[in-house]
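Breakdown of the fold
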Amino acid sequence: MINNRSLVIVAGLAVVAWVGSSSLYIVDETERAVKLRFGEIIEENIQPGLHFKIPFIQTVRTFDTRVLTLDTDTSRYLTEEQKAVIVDSFVMWKVVNPTRYYEATTGNEQTAERLIMPRVDESLRNQFGRLELQEIIAEKRDALMAEPTEQLNELLREELGVAIIDIRIKRIDLPDQVTQAVYDRMRTERQREAREYRAQGQEQAEKIRANADRRRQVLIAEAQARAETLRGQGDAEAAALYSQSYEQDAEFFRFYRSLNAYRDSFDGKDDMLVLAPDSDFFRYLESARPEQGQNSGQ
């Protein structure tokens, strides 16, 4: 009898422990939860911590609220000028509204990804369709994805209860024919820029050369004017010296000039002058002739 009572007590305690453990649940700090009663949500957005539920009647669904990554399929999009680009991207998303998320996906992550992927594809298709190929190549990828990310975030918060944190472009490729066209266009653009730079350089060179020539002419003119001034001053000083010398002994000065004239006139063997013997040019020679005759008589 005592053994049966002990067994009943132990069984009762076991049932109480099981009911107690079934009544308590823990929501992890990286999760959020909803409480259900026969499939109907009766408590939303349950925060992390220890919570209570009624066993068998109430159930709890927890959802991971960390940032998740979805790799999208590589897709081919057309630009505004109908040129194709091949885009490889991924999406970063997280659950922000557990109730809406459960209602839209029954809490299944794969279902959520299947719903997110076509919306991302449509958004990227619209974004690339508004841009030209040159803009896609030149623009930074973060700026390129800013508008689709914002639009999808607003849309999917309402539809699925998830936030789109970011859409990242891993790679943008071009078909071979488009790649060649892009290279040709880039080459043409660089050649045009090179021609502009050359023209600007030649223009600058002509300006520098013209300025140097003008400066050279100015310097030469200033030097010539300075030379003429110095030459005039030298001639004036020489004339003044000659005048002073002439005034001191005019006869000697005339004699000295006549000797210089004789030397310059008879410098070469073929030099010849046709002058009258009584010309003033031979005045000093004539004056020396009687003295030579007296010397010869002696």
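Fair warning: this is a prediction, and the values are worked out from it, not measured in the lab. (Residues numbered from 1 in each chain as written. Predicted model: local features only at pLDDT ≥ 70, side-chain atom pairs only at ≥ 80, totals over all residues. Heavy atoms only, no water.)

1. Some remarks on the overall build of the protein
The secondary structure content of the protein amounts to eight helices and nine strands. Taking the contacts inside the protein whose residues are at least 6 apart along the sequence as the reference set, 61% of them involve residues at least 24 apart. Entry remark: accessible area of the protein is about 21100 Å², with carbon and sulfur atoms responsible for 52%. (Helix = DSSP H or I, 4+ residues; strand = E, 2+ residues; numbered from the N terminus. Contact = heavy atoms within 4.5 Å. Areas by Shrake-Rupley, 256 points an atom, 1.4 Å probe, with all protein chains shown as cover.)

2. A closer look at the packing of helix H3 (residues 109–129) against helix H5 (residues 141–159)
Between H3 and H5, whose axes approach to 10 Å, the crossing angle comes to 145 degrees. Crossing handedness for the pair H3 and H5: right-handed. Contacts from Ile-116, Arg-119, Val-120, Ser-123, Leu-124, Gln-127 and Phe-128 of H3 reach H5 at Leu-144, Met-145, Glu-147, Pro-148, Leu-152, Leu-156 and Glu-159. In terms of residue class, the contact of H3 with H5 is made up of nine nonpolar, two polar and three charged. (Axes fitted to C-alpha atoms, helices over the stretch in contact; angles between N-to-C directions. Left-handed = near helix turned anticlockwise from the far one by under 90°. Nonpolar A, V, L, I, M, F, W, Y, C, P; charged D, E, K, R; others polar.)

3. Focus on the nonpolar core
Trp-93, Ile-116, Phe-128, Val-162 and Ile-164 are the most contacted members of the largest nonpolar core, which totals 31 residues. At the level of elements, strand E2 (31–37), strand E6 (68–71), strand E8 (84–95), helix H2 (98–105), H3, helix H4 (133–138), H5 and strand E9 (162–173) are the ones that each hand at least two residues to this core. Of the residues that make up this core, three or more belong to each of domain 1 (10–62) and domain 2 (68–174). Sequence-distant contacts of Ile-116, defined by excluding residues within four places in its chain, comprise Leu-70, Trp-93, Leu-156, Leu-160, Val-162 and Ile-164. (Core = buried A, V, L, I, M, F, W, Y, C linked by side-chain atoms within 4.5 Å. Buried < 20%, exposed > 50% of the residue type's maximum accessible area, 1.4 Å probe, protein only. Domains from an automatic or database assignment.)

4. Describing unusual backbone geometry
Glycine aside, a negative phi is what most residues show, and trans is what most peptide bonds show. Positive phi, normally seen in glycine, also occurs at Phe-38, with a value near 55 degrees. Within the secondary structure, Phe-38 sits in the loop between E2 and strand E3 (40–46). Its relative accessible area of 70% is what places Phe-38 among the exposed residues. In this model, Asn-45 sits at a positive phi of 45 degrees, which is unusual for a non-glycine residue. Looking at the element boundaries, Asn-45 is found in strand E3. We classify Asn-45 as partly exposed; its relative accessible area is 36%.

5. Regarding the pairing of E8
Pairing between E6 and E8: four bridges, direction antiparallel. Directly across from Leu-70, in E8, lies its bridge partner Val-91. When strand E7 (residues 75–78) meets E8, the two strands line up antiparallel, connected through four bridges. Residue Leu-78 lies in a different strand from E8, and its bridge partner there is Ala-84. (Pairing = 2+ DSSP bridges.)

6. Structural notes on a nonpolar patch on the surface
Residues Leu-24, Ile-26, Phe-38, Leu-50, Phe-52, Ile-54, Phe-56 and Ile-57 make up a contiguous nonpolar surface patch of roughly 930 Å² in combined accessible area. Within the residue set of the nonpolar patch, elements represented by two or more residues are strand E1 (24–27) and strand E4 (49–52). Considering the arrangement of structural elements, one finds Phe-52 in strand E4. (Patch = residues over 30% accessible without salt bridge, like charges linked within 9 Å, V, L, I, M, F, W, Y side chains within 5 Å. Salt bridge = Lys/Arg side-chain N within 4 Å of Asp/Glu carboxyl O.)

7. What about the sheet that holds strand E5 (residues 58–64)?
Taken in spatial order, the three strands line up as E3-E2-E5 in an open sheet, and their pairing is antiparallel. Each of the sheet's edge strands pairs with one partner strand only, and the pair in question is E3 and E5. The sheet shows a mean angle of 20 degrees between the axes of neighbouring strands, direction not considered. Contacts from H2 reach E2, E3 and E5 within the one sheet, and its direction differs from that of E3 by about 135 degrees.

8. Observations concerning the packing of aromatic side chains
Enumeration according to the criterion identifies four aromatic pairs in this entry. Measuring from ring centre to ring centre gives 5.5 Å for Tyr-77 and Phe-128, while their planes differ by 15 degrees; the resulting arrangement is stacked. Taken together, the residues span a long stretch of sequence, with Tyr-77 in strand E7 and Phe-128 in helix H3 at a distance of 51 residues. Clustering of aromatic rings is evident, with ring pairs tying together Phe-63, Trp-93, Tyr-101 and Tyr-102. (Phe/Tyr/Trp six-rings, centres within 6.5 Å; stacked < 30°, edge-to-face > 60°.)

9. Describing the packing of H2 against H3
Put simply, H2 and H3 touch, their axes get as near as 9 Å, and they point 85 degrees apart. By the angle between their axes, H2 is roughly perpendicular relative to H3. Each of Tyr-101, Ala-104 and Thr-105 in H2 lies in contact with H3, whose residues at this interface are Glu-109, Thr-111, Ala-112 and Leu-115. Classifying every residue of the contact of H2 with H3 by side-chain character gives four nonpolar, two polar and one charged. (Parallel < 35°, antiparallel > 145°, perpendicular 65-115°, else oblique.)

10. Describing the pattern of salt bridges
A complete count under the given rule lists 16 salt bridges for this structure. A salt bridge links Arg-168 to Asp-166; the shortest N-O distance between them is 2.2 Å. Notably, a salt bridge pairs Glu-189 with Arg-192, separated by 2.3 Å at the nearest N-O pair. With Glu-189 and Arg-192 both in helix H6 (residues 176–248), this residue pair falls three residues apart, about one helical turn. When its relative accessible area of 31% is taken as the criterion, Glu-189 is described as partly exposed. Residues participating in the shared-partner salt-bridge network are Asp-71, Asp-88 and Lys-170.

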